Amino acid sequence: MAFCDLFKEFQPIRVDGNISLRQHEPEKDARPLWEIYCDEENFKYFSGYRKPHDWNKEGAIRAEASRVKGFKGKREYSWVVTINGEVVGQIQLFNFTNHNTCAEVGYFIKRKYWNQGINTKVLIAVCKFGFRVMGFERIEAIAHVDNIGSNRTLQKAGFTKEGMLRKRFYLNDRAEDGNMYAIVKEDLGLRGIKG
Ligand SMILES: CC(C)(COP(=O)(O)OP(=O)(O)OC[C@H]1O[C@@H](n2cnc3c(N)ncnc32)[C@H](O)[C@@H]1OP(=O)(O)O)[C@@H](O)C(=O)NCCC(=O)NCCS
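Here is what the cut-offs are and how they apply
Residues numbered from 1 in each chain as written. Predicted model: local features only at pLDDT ≥ 70, side-chain atom pairs only at ≥ 80, totals over all residues. Core = buried A, V, L, I, M, F, W, Y, C linked by C-beta atoms within 7 Å. Buried ≥ 20, exposed ≤ 12 C-beta atoms within 10 Å, placed from the backbone. Helix = DSSP H or I, 4+ residues; strand = E, 2+ residues; numbered from the N terminus. Contact = placed C-beta atoms within 7 Å. Pairing = 2+ DSSP bridges. Axes fitted to C-alpha atoms, helices over the stretch in contact; angles between N-to-C directions. Near = placed C-beta within 6 Å. Nonpolar A, V, L, I, M, F, W, Y, C, P; charged D, E, K, R; others polar.

K.L.:
How should the nonpolar core be read in this particular structure?
P.N.:
Across soluble globular proteins, nonpolar side chains have a tendency to be buried as a group. Ranked by internal contacts, the top residues of the largest apolar core, which has 34 residues, are Val81, Ile91, Val105, Val122, Val126 and Cys127. The set of elements that each furnish at least two residues to this core consists of strand 2 (19–23), helix 1 (26–37), strand 3 (76–83), strand 4 (86–97), strand 5 (102–109), helix 3 (118–132), strand 6 (138–144) and strand 8 (174–184). With seven residues, helix 3 is the largest single contributor of residues to this core. Residues within four places of Cys127 in sequence aside, it is in contact with Ile139, Ala157, Ile183 and Leu188.

K.L.:
Would you mind showing me how to read the sheet that holds strand 8 here?
P.N.:
Consider a sheet: its strands pair through backbone hydrogen bonds, and that pairing is either parallel or antiparallel. If you trace the eight strands from one edge of the open sheet to the other, you get 1-2-3-4-5-6-8-7, paired in mixed fashion. Across the chains shown, the open sheet's two edge strands, defined by having one partner strand only, are strand 1 (13–14) and strand 7 (160–171). As judged from the seven bridges shared by strand 4 and strand 5, these two strands associate in the antiparallel manner. Within the sheet, the bridge partner assigned to Gln92 lies in strand 5 and is Gly106. In the packing of helix 3 onto the sheet, the strands contacted are strand 1, strand 2, strand 3, strand 4, strand 5, strand 6 and strand 8, and the crossing angle to strand 5 comes to about 155°.

K.L.:
Would you mind showing me how to read the site of the ligand here?
P.N.:
In the vicinity of the ligand lie 19 residues, with Trp114, Asn119, Thr120, Gly149 and Arg152 positioned nearest. Looking at the shell around the ligand, the elements with two or more residues in it are strand 5, helix 3 and helix 4 (148–156). Residues that form the shell around the ligand fall into these classes: eight nonpolar, 10 polar and one charged.

Geometric values such as these leave the question of function open.
As structure tokens, then:
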């Protein structure tokens, strides 16, 4: 399938019996995702994070609608992560480069669900989709050096640490280091497998 045709119809992913990935539904997802964004601990390694102000329904819906717009504009593929229907996080492929053979992945999970192996399963499922369906050769991620959960989930999902990017993050009024990770198609043994 041509790369641009991938954005005609959004494809959800069933990760396992409980965990599913689906497209953002702005009206429905605005509140639960806003609640996650309000947890500063969840975003302490995100450059540019600003804690949301008081609940503002229109603003939150607009923020969610921008994810759908990003998909329609072929700039990103962003899934809402649900467990038995509850919204617990987000994962997205974006920054498509090198003739759409390379993408970056970003993610977060609600704190109450950390360290139960959820993101690792989700990340593996999204990488398989990225390689098999979207045709990527390489998927990259950058994790702050102190972000243990993110470094660990990337390693568990089969990413290789390719180096350290000095002063890659701007946090707490200073530049801090990040680890550069990538996974290539061959790492999942998917060469030759079609979507
Ligand atoms: C990064 C994140 C998505 C991981 O999600 P998750 O569902 O907890 O991930 P998993 O449970 O699959 O893997 C996390 C691993 O880190 C380990 N871990 C986390 N904190 C740890 C700590 N302080 N010390 C040692 N290990 C730790 C967990 O034990 C687990 O490894 P294990 O299965 O070998 O025990 C989640 O922590 C998160 O949302 N963080 C905030 C957002 C964020 O930083 N996103 C990434 C930006 S690059």
